[in-house]
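Listed below, chain by chain, are the residues.
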Amino acid sequence: MPETLEELTGPVDGVVMLPRHLDWGPKRSYRLDQIADARLLYMRVIRESATPADLRQFLNAAMLRRLWPELVLPPPVRALWVARFPELQRQAA
C-alpha cells in the first residue's frame, strides 16, 4: 500500500490498459470517462496489485476518493484501506 493517498497520481482521463498481472481477462482497457469502467479498473487494481508501484501508476487519489463508496471490495481489503486512510470511510459516509 502507499504511505499516503497523494502518492496515487495515476490518470484521470483517457483509456487505461492494464497489464496482464493485474487483469488477465479479455477486456484489459478501461475508459476513465465511463463510470462503470473506472470503478472496474479501481476494483481490479486494488485487489490485484502486489506493489505500491502499481497503485501509484494506475490510481489517482481524487478519483479514488470519489469512487470509494461505490467500489465492491472484499471486506478485509476494504478494512485494510480504511485503517490506513480513515478519510476514505468519512468520504463514504
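Please read all numbers here as calculations on a predicted model, not as lab measurements. (Residues numbered from 1 in each chain as written. Predicted model: local features only at pLDDT ≥ 70, side-chain atom pairs only at ≥ 80, totals over all residues. Heavy atoms only, no water.)

J.: So what's going on with the overall build of the chain? Which residues, and what values?
T.: Summing up its helical and strand segments, the chain has five helices and two strands in all. Its helices and strands in sequence order give the chain the pattern β-β-α-α-α-α-α, from N to C terminus. On C-alpha atoms alone, the chain measures out to a radius of gyration of 12 Å, which is about the 12 Å that the 2.2 N^0.38 rule sets for 93 residues. Projected onto its principal axes, the C-alpha coordinates of the chain cover approximately 35 × 25 × 25 Å. When the accessible surface of the chain is split by element, carbon and sulfur atoms take 57% of a total near 5,200 Å². Of the charged side chains in the chain, 13 are positive and 11 negative; the average position of the first set lies 4 Å away from that of the second. (Helix = DSSP H or I, 4+ residues; strand = E, 2+ residues; numbered from the N terminus. Rg over C-alpha atoms; globule rule 2.2 N^0.38 Å. Areas by Shrake-Rupley, 256 points an atom, 1.4 Å probe, with all protein chains shown as cover. Lys, Arg positive; Asp, Glu negative; His and termini not counted. Charge placed at Lys NZ, Arg CZ, Asp CG, Glu CD.)

J.: An account of the pattern of salt bridges is requested, with residue identities and associated values reported.
T.: Applying the stated rule across the entire model yields five salt bridges. Across the pair Arg65 and Glu6 runs a salt bridge, and its minimum N-O distance is 2.7 Å. You can see Arg65 sitting in helix 3 (residues 61-67) and its partner Glu6 sitting in the segment before strand 1 (15-17), a full 59 residues away along the chain. With a relative accessible area of 23%, Arg65 lands in the partly exposed category. In this structure, the salt-bridge partner of Arg44 is Asp23, at a minimum N-O distance of 3.3 Å. Residue Arg44 is found in helix 1 (residues 35-48), and its partner Asp23 is found in the loop between strand 1 and strand 2 (29-31); the two are separated by 21 residues along the sequence. Note on Arg44: relative accessible area 23%, which makes it partly exposed. (Salt bridge = Lys/Arg side-chain N within 4 Å of Asp/Glu carboxyl O. Buried < 20%, exposed > 50% of the residue type's maximum accessible area, 1.4 Å probe, protein only.)

J.: So what's going on with the packing of aromatic side chains? Residues and values would help.
T.: On inspection of all chains with the given rule, the structure shows two aromatic pairs. Aromatic side chains Trp68 and Trp81 sit 6.3 Å apart centroid to centroid with 35° between the ring planes, which places their arrangement in the tilted category. In this pair, Trp68 is assigned in the loop between helix 3 and helix 4 (75-84) and Trp81 in helix 4, connecting sequence segments 13 residues apart. The class for Trp68 is buried, based on a relative accessible area of 0%. Judged by centre distance (5.7 Å) and plane angle (50°), the rings of Trp81 and Phe85 are tilted. The ring centre of Trp68 lies 4.5 Å from the NZ or CZ of Arg78, which sits over that ring. (Phe/Tyr/Trp six-rings, centres within 6.5 Å; stacked < 30°, edge-to-face > 60°. Lys NZ or Arg CZ within 6 Å of the ring centre and 35° of its normal.)

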